[in-house]
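Single-letter residue listing:
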Amino acid sequence: MKLPLILTRRGILAGAAMLSMLMSPISAMADEVKVAGIFTLPVDQQWISRIHIALDAAQDRGDIEYVYSENVSNTDYERVMREYAENGVNLIVGEVFGLERAARKVAADYPDIAFLMGSSFAPQAPNFSVFDNFIHEPAYLSGMIAGAASENNVIGMIGGYAIPEVNRLMNAFMEGARETNSDVSFLVNFIDSWYDPAKAKESSFAMMDAGADVMYAERFGVSDAAVERGMKAIGNVIDTSADYPNTILASAIWHMEATVDTAIKAVSNGSYSADDYGQYSFMAHGGGSLVLDESLVPADIVSLVKAKEAAIMDGSYTVVINDDAPVSDK
Amino acid sequence: MDILQILLNESFWAATLRIATPLIFGVLGALICEKSGVLNLGIEGIFVAGAMAGWMAVWFGFTLWMGLLVAVIVGGTFGLIHAILTVPLGLSQHVSGLGVTLLATSISYFTYRTALPKLSSPPKIEPFQPLDIPYISEIPFIGLVLAEQTAMTWLALFMVVLVWWILNRTPLGLSIRAVGDNPDAVDAQGLSVYGLRIGAIVVGSSVMALGGAFLTMSAFDSFFFGMVNGRGWICIALVIFASWRPGKALLGAILFGAFDAFQVRLQTEVGAFLPSQVFLMAPYVLSIIALVIVARRAEYPRALLKPWFKGAR
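Residues numbered from 1 in each chain as written. Chains lettered and ligands numbered in written order. Predicted model: local features only at pLDDT ≥ 70, side-chain atom pairs only at ≥ 80, totals over all residues.

This part takes up the overall build of chain A. Looking only at helices and strands, chain A has 10 helices and 11 strands in total. With respect to the three principal axes, the spread of C-alpha positions in chain A is 85 × 45 × 35 Å. Restricting the contact set of chain A to residue pairs at least 6 apart, pairs at least 24 apart contribute 66%. (Helix = DSSP H or I, 4+ residues; strand = E, 2+ residues; numbered from the N terminus. Contact = placed C-beta atoms within 7 Å.)

It is characteristic of soluble globular proteins that their nonpolar side chains tend to be buried jointly. Residues Leu91(A), Ile92(A), Ile145(A), Met215(A), Val27(B), Ala51(B) and Leu238(B) are the most contacted members of the largest nonpolar core, which totals 198 residues. Counting contributing residues, this core receives three or more from each of domain 1 (29-131) and domain 2 (136-254 + 286-313) of chain A. What Ile145(A) contacts, discounting residues up to four positions off in sequence, is Ile234(A), Leu249(A), Ala250(A), Leu292(A), Val297(A), Ile301(A) and Val305(A). (Core = buried A, V, L, I, M, F, W, Y, C linked by C-beta atoms within 7 Å. Buried ≥ 20, exposed ≤ 12 C-beta atoms within 10 Å, placed from the backbone. Domains from an automatic or database assignment.)

For chain A, the average pLDDT comes to 89, and 90% of its residues sit at 70 or higher. Below pLDDT 50 for its whole length, residues 24-30 of chain A participates in 8 contacts with residues either more than four positions away or in separate chains. (pLDDT = per-residue confidence, 0-100.)

Moving on, we get to the interface of chain B and chain A. At the junction of the two partners, chain B supplies 30 residues and chain A supplies 33 residues. Of all elements in the fold, only helix H2 (10-35), helix H10 (193-219), helix H12 (246-270) and helix H13 (276-295) of chain B reach the threshold of two or more residues within the side of chain B that touches chain A. Here the element with the most residues in the side of chain B that touches chain A is H12(B); it accounts for 5 residues. Tallied by class, residues from the side of chain B that touches chain A come to 16 nonpolar, 11 polar and 3 charged. (Nonpolar A, V, L, I, M, F, W, Y, C, P; charged D, E, K, R; others polar.)

Moving on to the pairing of strand S6 (residues 154-159) of chain A. Residue and element names in this part refer to chain A. Counting buried positions along S6 yields 5 of 6 residues, so the element is predominantly enclosed. Inspection of the sheet shows S6 paired to strand S7 (residues 185-190) by 6 bridges, in the parallel sense. Paired with Met157 across the two strands is Val188, which belongs to S7. In this fold, the crossover linking S6 to S7 by way of helix H6 (residues 164-180) has right-handed handedness. Bridge count for S6 against strand S8 (residues 214-217) is 4 bridges, and the pairing is parallel. Of the residues in S8, the one forming a bridge with Ile155 is Val214. (Pairing = 2+ DSSP bridges. Right-handed = clockwise from strand over helix to strand, strands pointing away.)

What follows deals with helix H8 (residues 171-181) of chain B. Those residues of H8(B) lying buried are Ser175(B), Ile176(B), Ala178(B), Val179(B) and Gly180(B). Packed against the buried residues of H8(B) are H2, helix H7 (151-169), helix H9 (183-188) and H10 of chain B.

Before going further, it helps to examine the domain arrangement of chain A. All names here are of chain A. We note that the domain assignment places domain 1 (29-131) and domain 2 (136-254 + 286-313) within chain A. Distance between the C-alpha centres of domain 1 and domain 2: 30 Å. Every contact between the two is made by 8 residues of domain 1 and, on the other side, 6 residues of domain 2. Of the residues in the side of domain 1 that touches domain 2, the class split is 3 nonpolar, 4 polar and 1 charged.

Inspection of the secondary structure assignment puts Val35(A) in strand S1 (residues 33-38). Sequence spacing of Val35(A) and Asn74(A) is 39 residues, and the spatial spacing of their C-alpha atoms is 20 Å.

With that settled, the discussion passes to the confidence of the model for chain B. Residues of chain B with pLDDT of at least 70 account for 98%, and the chain-wide mean is 92. What the predictor reports for the complex is a pTM of 0.88 with an ipTM of 0.87.

A few words on H7(B). Residue and element names in this part refer to chain B. An ideal rise of 1.5 Å per residue puts 27 Å on 19 residues; H7 measures up with 26 Å between its terminal C-alpha atoms. Residues of H7 that are buried: Met152, Thr153, Ala156 and Val163. Burial along H7 is one-sided: seen end-on, the buried residues are contained in an arc of 105°. Opposite the buried face of H7, by more than 90 degrees, sit the exposed residues Phe158, Val161, Trp165 and Arg169. Along its buried surface, H7 packs onto H2, H10 and H12. (Expected span 1.5 Å × (residues − 1). Arc of directions from axis to C-beta.)

All right, on to the sheet that holds S8(A) then. Residues and elements named next belong to chain A. The strand order across the open sheet built from 6 strands is S7-S6-S8-S9-S10-S11, with neighbouring strands paired in mixed fashion. Of all strands in the sheet, those with a lone pairing partner are S7 and strand S11 (288-292), marking the two edges. Along the sheet, successive strands turn relative to each other by an average axial angle of 15°, direction set aside. Bridge count between strand S10 (residues 248-254) and S11: 5 bridges; the pairing is antiparallel. Within the sheet, the bridge partner assigned to Ser251 lies in S11 and is Val291. (Axes fitted to C-alpha atoms, helices over the stretch in contact; angles between N-to-C directions.)

Before going further, it helps to examine the packing of helix H3 (residues 43-59) of chain B against H10(B). Residue and element names in this part refer to chain B. Interhelical geometry of H3 versus H10 gives an angle of 55° and a closest axis separation of 6 Å. Taken as axis vectors, H3 and H10 run oblique relative to one another. Our pair here, H3 against H10, has a crossing hand that is right-handed. Seen from H3, the contacting residues are Ile43, Ile46, Phe47, Val48, Ala49, Gly50, Ala51, Gly54, Trp55 and Val58; seen from H10, they are Ser205, Met208, Ala209, Leu210, Gly211, Gly212, Ala213, Leu215, Thr216 and Met217. Of the residues contributing to the contact of H3 with H10, the split by class is 14 nonpolar, 6 polar and no charged. (Parallel < 35°, antiparallel > 145°, perpendicular 65-115°, else oblique. Left-handed = near helix turned anticlockwise from the far one by under 90°.)

Residues and elements named next belong to chain A. Taken in spatial order, the 5 strands of this open sheet run S2-S1-S3-S4-S5, and their pairing is parallel. Strand pairing shows two members of the sheet lacking a second neighbour, strand S2 (64-69) and strand S5 (128-131), which therefore form its edges. Neighbour to neighbour, the strand axes of the sheet diverge by 20° on average, direction disregarded. As judged from the 4 bridges shared by S1 and strand S3 (residues 91-95), these two strands associate in the parallel manner.

Structural data, given as structure tokens:
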């Protein structure tokens, strides 16, 4: 009996191939830049979410076609990079803090593909650009608010890991707090996890027991503890003030739009080269900003912060970049 | 604040009990499984599944207690998978357990992302609040520690008593212990070795799932990938520390919780002199030391890890 084509093995194989071509997210339309995001954490994690939102926005504008893989472990990251590279994407965005060497090797193997990676090291010619969340400027401003708000003169800080991009913001924050409060001292803890809110919360309680009345919320869980004890908190990277009413004094926000859009433009007009995109996270490029709750921050502090913000914007004041691990004052 | 002051502070002991609660559930669950002779390395994944399922049930409108029930059912289901693979099929308990961990973790993440695809920050539920039991908070010291605990911590403490009572004071407990020591004898008595073991694994896994649910429904109010963070594995070690006894399991969980609560406070105090990793390592190092001291005298179930087949000699 002769089977209709659709039921023969060859027919099924051909059908499957066609189907996978149709389903493949990176097929259609040639003039759009095809972007792949590879993230080691879920896209709703603070840091990753900033990149994801910027890429999503670019897709909604029709500038790019965007696909992503989230929660990719560092050990699997290289494979995912190569898979996207083989699939013909134009630009790969991600973070390679845990696999710098391997990622740079992949980039060298695919010189025609643009790589824009969160990294602690320098760019690598011809196609490996780096970025990082250089929001030390708004972090400094948020520190000014925290310093003024602390009545016990003790600020608690909970961080994920003591790595440069975390340390940098903490140090800038501490500098800012010292500007408005010369008596302030700091308690610093790292929980060695990006995602253990229960642990971050316990660390926060411990700091509040030790006298901290303003918390620097680098991780999820800290603001929750602040709400429970009626203390104040400073947000970082994202604005969570709606989730924690009456608690978040100010937040240093990271905007990836400037970084991502610059890279996309460079890829689409063929001018992409290995570059340090870190500067696009600076306030002058709109990569960082401060939001503050004027109902919680006194007006004189607000005007002080606004003046400093203007000084940073016009270049008359530069926030020091210090990547050393911060420690508790004793 | 010096070390003595830390230890005499009731908030330290309240924190200890909070950190210990998921471990109490986990170690009891693992203990029930192992008492029947089967190691359940699915625990880490079952924690994740319990955390996700319980939280998501509440997010979709269930009450907190119904959410816990959902977590228990999901935990029991993964337990059943492990039980079928290891008991009637007699496959490697290590491999099957790790397989269950990978499966349960991935399915949980997959379900979470499929159900909530477009998020920029994790949604929150209204979690269990500290239970206000009349007169308890008037007891000096202990009262203040207990007043900060939620219903789930009370449930965990109650489970310790319940598991002890069932294992040591009921015929069912006797047969569970027997099936973990000498399944042939249980079979000769006309009891079902398979039935007892499968039942113990399913129930044990359900209890484990409560440990995960505690993380999303009491300790915190939203679900994160990776938030279980190795707590399941700690329970496996704590069972050995506990020498398969519920009372000692409680002690082990509290000891670990105390180490952890202590290290965060110590890190705050003397973090300037020592790297933070030293403190983070401390609970694990101290647990290993405690394990070495205690486990030498541990009386493990004699048929642990040994598959049993009906009629085989």
